[in-house]
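Each chain is listed here by its residues.
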Amino acid sequence: MSDYFIGNKEYFSGIGKIAYEGKGSDNPLAFKFYDPDKMVGGKTMREHLRFSVAYWHSFCGDGGDPFGNATMQYPWRDPDPMKSAKNKLDAAFEFITKIGAPFYCFHDIDMAPEGANRVESEKNLIEMTDLAKERQESTGVKLLWGTANVFSNPRYMNGAASNPDFSVVGHVAHQVKAAIDATIKLGGAGYTFWGGREGYMSLWNTDMKRELDHIGRFLNMARDYARKAGFTGTFYIEPKPMEPSKHQYDFDSATVIGFLRQYGLDRDFKLNIEANHATLAGHDFAHDLRVARDAGLLGSVDANQGDLMNGWDTDEFPFDVYQTTMAMLEILGMGGFVTGGLNFDAKRRRNSTDLEDLFLAHITGMDAFALGLQAAQRIIDDGKIAEMVRTRYASWDSGDGDAFEAGKLTLEELAAMGEKSEPKSVSGKQEYIESLLNGYLFG
Ligand code: XUL
Ligand code: CO
């Protein structure tokens, strides 16, 4: 038996702590590229990447989908919901320790079963998070962020804080308050709001302005409560354009930034960008990261990847190194994570049914980001692409371009300049940059 089992039982027996063995290794249960102690640009990979395991996909999701039942057998399941939750907690901390992720994230109901009413549900959450606190202390694993699931229970079918019926919003408040308390107790670095039902199915029965005002008001109340209760971490909104609602209010980075500014939330909230949500909104992952970063509001990342052949949230483990490279360029470009990290909001495919697949999936994702980090650092160190971008905008650095940026030109003066000569054609050099990129990745 390995040294890594947490409770009374080892759930992933036969698998020890996952080690870095390098790219020559043919051991499937080893990292080929993620070497946690390796220095990259002045920090270790562990410090840069701040990997986090998502409780819901890894320990709750069992392969069931709208067309078929569960495919995965979980040895921690028990007919008694609290017993099941305690077993699952042990399995979770065993897994997180063995994979070597410094963080995890959870929704309240991932960890603690809902009771017959809110009071019972909160009691369960307190009992489970007391245990989670002990597990965190004994393993050193930390909470990246906590959140409340205010989208699954049928009472939220018309929305959570955006619900047309005021009486539902009290339930939301009770649940969010308890989840904030739990997050504070567990020393969470962040608290996330993802509004799956904060949107509409039909505009015919929806007062959109009122619903948005209600969400804005509610988030102000939640922020005020959490700050008063001692929460010093970051609040996140996680954009997603649709699914489960037809239209979700937190559509994409740009929409959420406007919302945060409109409702006075942009000093306390940042964005948690999920790759597959950005692509559902018709953007590249890197686009939504850039929009958030340029606004000074890039906080954290839900690391996964979608399938560009279909239009839903497939939540795959990321392996596309072009994407992880671009993502890491944005993250390094903002100076690295502060409270955020890379949370694997990703699930194994329905037919990846072996318990070890949970390890293999995380190894793939962690290696993909380790490759992306190193490629991004090579791109930064070499500086060629950044220099090309600088040169492309050089006409704004001095003379009339500089006067324009400084607000010293009128439209008439600018128009008079345009009269003088036809601009020269200047190449964007995209294909050359793409060949440089392949050099950084494979050279
Ligand atoms: C749903 C999703 C959520 C949030 C947390 O698409 O990404 O799991 O990350 O509620
Ligand atoms: Co997510």
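Scoring rules and cut-offs
Residues numbered from 1 in each chain as written. Chains lettered and ligands numbered in written order. Predicted model: local features only at pLDDT ≥ 70, side-chain atom pairs only at ≥ 80, totals over all residues. Heavy atoms only, no water. Buried < 20%, exposed > 50% of the residue type's maximum accessible area, 1.4 Å probe, protein only. Helix = DSSP H or I, 4+ residues; strand = E, 2+ residues; numbered from the N terminus. Pairing = 2+ DSSP bridges. Donors = N, O, S within 2.8 Å, 3.2 Å for Na, K, Ca; no water. Tetrahedral: all angles 85-135°; square planar, octahedral: opposite > 155°, others 65-115°. Near = heavy atom within 4 Å. Polar contact = N/O pair within 3.5 Å; in protein donor to acceptor, adjacent residues only side chain to side chain. Areas by Shrake-Rupley, 256 points an atom, 1.4 Å probe, with all protein chains shown as cover. Nonpolar A, V, L, I, M, F, W, Y, C, P; charged D, E, K, R; others polar. Domains from an automatic or database assignment. Contact = heavy atoms within 4.5 Å. Buried area = accessible area lost by both parts, 1.4 Å probe. Salt bridge = Lys/Arg side-chain N within 4 Å of Asp/Glu carboxyl O. Core = buried A, V, L, I, M, F, W, Y, C linked by side-chain atoms within 4.5 Å. Axes fitted to C-alpha atoms, helices over the stretch in contact; angles between N-to-C directions. Parallel < 35°, antiparallel > 145°, perpendicular 65-115°, else oblique. Left-handed = near helix turned anticlockwise from the far one by under 90°. Expected span 1.5 Å × (residues − 1). Phe/Tyr/Trp six-rings, centres within 6.5 Å; stacked < 30°, edge-to-face > 60°. Patch = residues over 30% accessible without salt bridge, like charges linked within 9 Å, V, L, I, M, F, W, Y side chains within 5 Å.

A word on the pairing of strand 12 (residues 269–274)
Burial runs high along strand 12: five of the six residues are buried. In this structure, strand 10 (residues 234–237) lies alongside strand 12, joined through three bridges in parallel fashion. Bridging from a neighbouring strand, I237 pairs with L271 of strand 12. Alignment of strand 12 against strand 13 (residues 298–302), held across four bridges, turns out to be parallel. In the strand pairing of strand 13, I273 is matched with V301.

So, the coordination of the cobalt ion (ligand 2)
In this structure, E238 (OE), E274 (OE), D302 (OD) and D345 (OD) serve as the protein donors to the cobalt ion (ligand 2), at separations of 1.9 to 2.1 Å. Coordination at the cobalt ion (ligand 2) is octahedral: its six donor atoms span angles of 80 to 172° at the metal. On the primary sequence, the residues serving as donors to the cobalt ion (ligand 2) are separated as E-x35-E-x27-D-x42-D. With E238 in the loop between strand 10 and strand 11 (247–248) and D302 in strand 13, this residue pair connects regions lying 64 residues apart in the sequence. For E238, a relative accessible area of 4% gives the class buried.

Comments concerning the site of ligand 1
Within the structure, ligand 1 sits among W56, H107, W145, F151, W194, E238, K240, E274, H277, D302, D313 and D345. One of the side-chain N or O atoms of W56 is found 3.3 Å from an oxygen atom in ligand 1. At 2.7 Å from an oxygen atom of ligand 1 is found a side-chain nitrogen or oxygen belonging to H107. Here ligand 1 loses 93% of its free accessible area of 300 Å² to cover by the protein chains. When its residues are assigned to classes, the shell around ligand 1 shows four nonpolar, two polar and six charged.

A short note on the domain arrangement of the protein
Often, the extent of an interface is quoted as the loss of accessible area on bringing the components together. Per the domain assignment, the segments making up the protein are domain 1 (19–382) and domain 2 (385–442). With seven residues of domain 1 at the contact, the number on the domain 2 side is six residues. Between domain 1 and domain 2 the total buried area reaches about 620 Å² when both faces are included, carbon and sulfur atoms providing 67% of it. Taken together, domain 1 and domain 2 are joined by zero salt bridges. Those elements that provide at least two residues to the side of domain 1 that touches domain 2 are helix 11 (321–333) and helix 12 (356–382). The class makeup of the residues in the side of domain 1 that touches domain 2 is four nonpolar, one polar and two charged.

Concerning the nonpolar core
Among the nonpolar cores identified, the biggest contains 105 residues, and Y55, I99, Y104, V176, F193 and L342 are the most heavily contacted of them. When sequence neighbours within four positions are dropped, the list of residues in contact with V176 reads A148, V150, Y191, F193, F218 and A222. Core analysis: the next-biggest nonpolar cluster, separate from the first, contains eight residues, A375, I379, L437 and Y440 among them.

Quick notes on the packing of helix 12 against helix 16 (residues 430–442)
Put simply, helix 12 and helix 16 touch, their axes get as near as 9 Å, and they point 120° apart. Taken as axis vectors, helix 12 and helix 16 run oblique relative to one another. You can see that helix 12 and helix 16 cross each other, and the crossing is right-handed. Of the residues in helix 16, those touching helix 12 at A375, R378, I379 and D382 are L437, Y440 and L441. Partitioned by chemical class, the residues of the contact of helix 12 with helix 16 number five nonpolar, no polar and two charged.

Some thoughts on helix 7 (residues 208–228)
For helix 7, built from 21 residues, the straight-helix expectation of 30 Å at 1.5 Å per residue is met to within 8% by its first-to-last C-alpha distance of 30 Å. Considered for burial, the residues of helix 7 that qualify are E211, I215, G216, F218, L219, N220, A222, R223 and A226. Count one or two residues on from helix 7 and you reach G230, which has phi positive near 100°.

Considerations on the packing of aromatic side chains
Across all of its chains, the model carries 26 aromatic pairs by this definition. For the ring pair Y191 and F193, a centre distance of 5.0 Å and an interplane angle of 65° mean the geometry is edge-to-face. Accessibility expressed as a relative area gives 2% for Y191, which makes it buried. Assessed through its relative accessible area of 12%, F193 is described here as buried. Geometrically, the ring pair formed by W396 and F404 is edge-to-face, given 5.2 Å between the ring centres and 70° between the ring planes. Through pairs of rings, three or more aromatic residues link up here, namely Y11, F12, Y55, F59, Y74, W76, F93, F95, Y104, F106 and F359.

Here we look at a nonpolar patch on the surface
A cluster of nonpolar residues, V389, Y393, W396, F404, L411 and L414, forms a patch on the protein surface that exposes about 580 Å² of accessible area. Note on V389: relative accessible area 41%, which makes it partly exposed.

Describing the pattern of salt bridges
Evaluated as defined, the whole model comprises 18 salt bridges. R293 is the salt-bridge partner of E330, the closest N and O atoms lying 2.8 Å from each other. Residue E330 is found in helix 11, and its partner R293 is found in helix 10 (residues 285–294); the two are separated by 37 residues along the sequence. On the basis of relative accessible area, E330 is assigned to the buried category, the value being 6%. Relative accessible area serves as the criterion here: at 27%, R293 is assigned to the partly exposed category.

Structural notes on the sheet that holds strand 5 (residues 51–54)
Taken together, eight strands build a closed barrel; the order of strands is 5-6-7-8-10-12-13-14 and the barrel is parallel. Across the sheet, the axes of successive neighbouring strands diverge by a mean angle of 30°, strand direction being ignored. Contacting strand 8 (190–193), strand 10 and strand 12, helix 7 crosses the sheet at an angle of about 160° to strand 10. Packing against the sheet, helix 12 makes contact with strand 5 and strand 14 (342–344), and its axis sits at approximately 155° to strand 14.

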